[in-house]
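Spelled out, the chains give:
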Amino acid sequence: MSQDSLITFAQALIRQRSLSGDEGAVIELIISEMRRLGFDQVWKDVNGSAIGVIKGAQPGPTLLLDGHCDTVDVAPGISWMHDPLGGEIEGGVIYGRGVADMKGAIAAMVHATASMDRSQLKGCVAVSATVMEESLEGASLRTVMDALDPDFVVIGEATSLNLNRGGRGRAEIHLETIGRPAHSSSPDLGRNAVHDMIRVVEVVERQPVKKDPLLGQTVFALTDIISDPYPACSMIPSRCRVTYDRRLVVGESSEEILGAITASPELRGIELHAKIATGEYHTYTGATLRGVKFLPAWVLPESNSFVQACLHGLRKAGLDPKIGAYRFCTNAAYSAGVAGVPTVGFGPGREEDAHIVDERLELKSLTAARQGYRGIIDAVLSGK
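A brief structural summary. (Residues numbered from 1 in each chain as written. Predicted model: local features only at pLDDT ≥ 70, side-chain atom pairs only at ≥ 80, totals over all residues. Heavy atoms only, no water.)

Topic: the overall build of the protein chain
1) Next: On a plain count of helices and strands, the protein chain comes out with nine helices and 21 strands.
2) Next: A globule of 384 residues ought to have a C-alpha radius of gyration of about 21 Å, and the protein chain, at 23 Å, matches this closely.
3) Next: Taken along the three principal axes of its C-alpha coordinates, the protein chain extends 80 × 45 × 40 Å.
4) Next: Across the 384 residues that make up the protein chain, the buried fraction comes to 57%.
5) Next: For the protein chain, long-range pairs separated by at least 24 residues make up 78% of all intrachain contacts whose partners lie at least 6 apart in sequence.
6) Next: When the accessible surface of the protein chain is totalled, it reaches about 16000 Å², and 49% of it is carbon and sulfur. (Helix = DSSP H or I, 4+ residues; strand = E, 2+ residues; numbered from the N terminus. Rg over C-alpha atoms; globule rule 2.2 N^0.38 Å. Buried < 20%, exposed > 50% of the residue type's maximum accessible area, 1.4 Å probe, protein only. Contact = heavy atoms within 4.5 Å. Areas by Shrake-Rupley, 256 points an atom, 1.4 Å probe, with all protein chains shown as cover.)

Quick look at helix α2 (residues 24-36)
1) Next: The end-to-end C-alpha separation of α2 is 18 Å, in line with the 18 Å expected for 13 residues at 1.5 Å each.
2) Next: Of all the residues in α2, the buried ones are G24, V26, I27, I30, I31, E33 and M34.
3) Next: Looking at the packing, one finds that the buried side of α2 touches α1 (3-15), β1 (41-44), β2 (50-55), α3 (99-114) and β6 (122-130).
4) Next: Two residues or fewer after α2 comes G38, characterised by a positive phi angle close to 90 degrees. (Expected span 1.5 Å × (residues − 1).)

Concerning the side chain of S135
1) Next: Mapped onto the fold, S135 is located in the loop between β6 and α4 (139-148).
2) Next: Take S135: its relative accessible area is 15%, and that puts it in the buried class.
3) Next: Dropping the residues within four chain positions of it, S135 is found in contact with S20, D70, R170, Y281 and K293.

Details of α4
1) Next: All of the buried residues along α4 are A139, S140, L141, V144, M145 and L148.
2) Next: Positioned one or two residues after α4, D149 has a phi angle of 50 degrees, which is positive.

Notes on the packing of aromatic side chains
1) Next: Here the structure, examined in full by the defined rule, presents four aromatic pairs.
2) Next: Ring centres 4.7 Å apart and planes at 25 degrees place the aromatic pair F152 and F306 in the stacked group. With F152 in strand β7 (residues 152-155) and F306 in helix α7 (residues 305-316), the pair connects residues that are 154 residues apart, well separated along the chain.
3) Next: Measuring from centroid to centroid gives 5.5 Å for Y326 and F328, while their planes differ by 20 degrees, and the two rings are stacked.
4) Next: If you follow R246 out to its NZ or CZ, it ends over the ring of F220, 4.5 Å from the centre. (Phe/Tyr/Trp six-rings, centres within 6.5 Å; stacked < 30°, edge-to-face > 60°. Lys NZ or Arg CZ within 6 Å of the ring centre and 35° of its normal.)

As for the packing of α1 against α3
1) Next: Contact geometry for α1 and α3: axes closest at 9 Å, N-to-C directions at 140 degrees. In terms of their interaxial angle, α1 and α3 are classed as oblique. Regarding α1 and α3, the two cross each other, and that crossing is right-handed. When α1 is examined against α3, the residues S5, L6, F9, A10, L13 and I14 are found in contact with a partner set consisting of V99, K103, I106, A107, A108, V110 and H111.
2) Next: Class assignment of the residues belonging to the contact of α1 with α3 gives a composition of ten nonpolar, two polar and one charged. (Axes fitted to C-alpha atoms, helices over the stretch in contact; angles between N-to-C directions. Parallel < 35°, antiparallel > 145°, perpendicular 65-115°, else oblique. Left-handed = near helix turned anticlockwise from the far one by under 90°. Nonpolar A, V, L, I, M, F, W, Y, C, P; charged D, E, K, R; others polar.)

Focus on the side chain of R246
1) Next: Along the chain, R246 turns up in strand β13 (residues 239-248).
2) Next: A distance of 2.4 Å separates polar atoms of two side chains, one belonging to R246 and the other to E252.
3) Next: Those residues in contact with R246, other than ones at most four positions away along the chain, are G169, R170, A171, I173, T218, V219, F220, E252 and I257. (Polar contact = N/O pair within 3.5 Å; in protein donor to acceptor, adjacent residues only side chain to side chain.)

Some words on the pattern of salt bridges
1) Next: As enumerated under the stated definition, the model contains 19 salt bridges in all.
2) Next: K293 is paired through a salt bridge with E172; the nearest N and O atoms lie 3.2 Å apart. You can see K293 sitting in the loop between β16 (288-292) and β17 (294-295) and its partner E172 sitting in strand β9 (residues 169-178), a full 121 residues away along the chain.
3) Next: Looking at K293, the relative accessible area reads 6%, which means it is buried.
4) Next: The salt bridge involving R350 is made with E352; its shortest N-O contact spans 3.6 Å.
5) Next: A relative accessible area of 38% places R350 in the partly exposed class. (Salt bridge = Lys/Arg side-chain N within 4 Å of Asp/Glu carboxyl O.)

Quick word on the packing of α1 against α2
1) Next: For the pair α1 and α2, the least separation of the axes is 9 Å and the interaxial angle reads 160 degrees. By the criterion of interaxial angle, the relationship of α1 to α2 is roughly antiparallel. Every pair of crossing elements has a handedness; the one defined by α1 and α2 is right-handed. Packed against α1, whose contacting residues are F9, A12 and L13, the element α2 presents V26, L29, I30 and E33 at the interface.
2) Next: In terms of residue class, the contact of α1 with α2 is made up of six nonpolar, no polar and one charged.

Focus on unusual backbone geometry
1) Next: A cis amide bond links D101 with the next residue in sequence, M102, at an omega value of -5 degrees.
2) Next: In this structure, M102 sits in helix α3.
3) Next: The backbone phi angle of S160 is positive, close to 60 degrees, even though this residue is not glycine.
4) Next: For S160, the location among the structural elements is in the loop between β7 and β8 (163-167).
5) Next: One non-glycine residue, S234, lies in the positive phi region at around 60 degrees.

Printed below as a string of structure tokens:
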């Protein structure tokens, strides 16, 4: 398979709009390409994720390469220099929404897997293009893993061609204060829930961070705030809710995080409700994905045999990877953090290129990723 066919496939994926919950057309492109390239099995699961399998000539473990095919939208009113759905190439760079997060990786995975010599493989290698990751990490991957029962997982999120052996988790936290309504001409007769929430926010913003030598530190980021009634007409708000995005390190629990807030002596007298959010989303096939939005952090020891095999395979493929970890949350929060399956991350592009204006991926990174995936497959399933 040529470099040109890889690039052409990546462009086709970029040109197909695929917001979360509307990935059907891009899934059909991926399934068509898998069939064209001769995958032994190709199907679409109940959630609409695409799965393709190449079977080795000898028995052995199952290696799963996973990439999500949904993307975030293009923010209105923000100008791009390149058409977000154009897949344009300029100066050795391909541009478009999702090219770094993460359609380039999917293209490289599919082409790398299809190019393997079955006679040398012990076991099988599967590629999944999962849906709805931007809405609820890991939910659709769970269904894929239930079907394949993989022994090892590679997540294709951007790593700058380095090897990630861990990743931060994520929790979505809802905090709600309850006040007492009154006319805004007599605020002393009520209790302003927004004023109470200001005190809560001050406590949250002072929460001590936890630090991990590989994952970095925890983060509390306020992402929205709303009062009720809204809009208020001469009313003191009786309810106020904020949402926090918490980036997790290994060992954190929801009880610990919420308890540190609700037990604060500074918040005595405030009626405060704190909980972890739950998500319910409908896929384009009509299936429903549900889950608590507490996605644990994960770390594999550098000495782990799977980490070392992947490192060896990447080096043999001509790459010089560093060992690192994801700062954002990925599908690995399920595969490694919940299911406990040995997982690494490897992909083209940089974390900071996700979700940006003029999202970009260097063509040399795309082709190197294909070689890297081949190297990992060889090392894990051929022992080379």
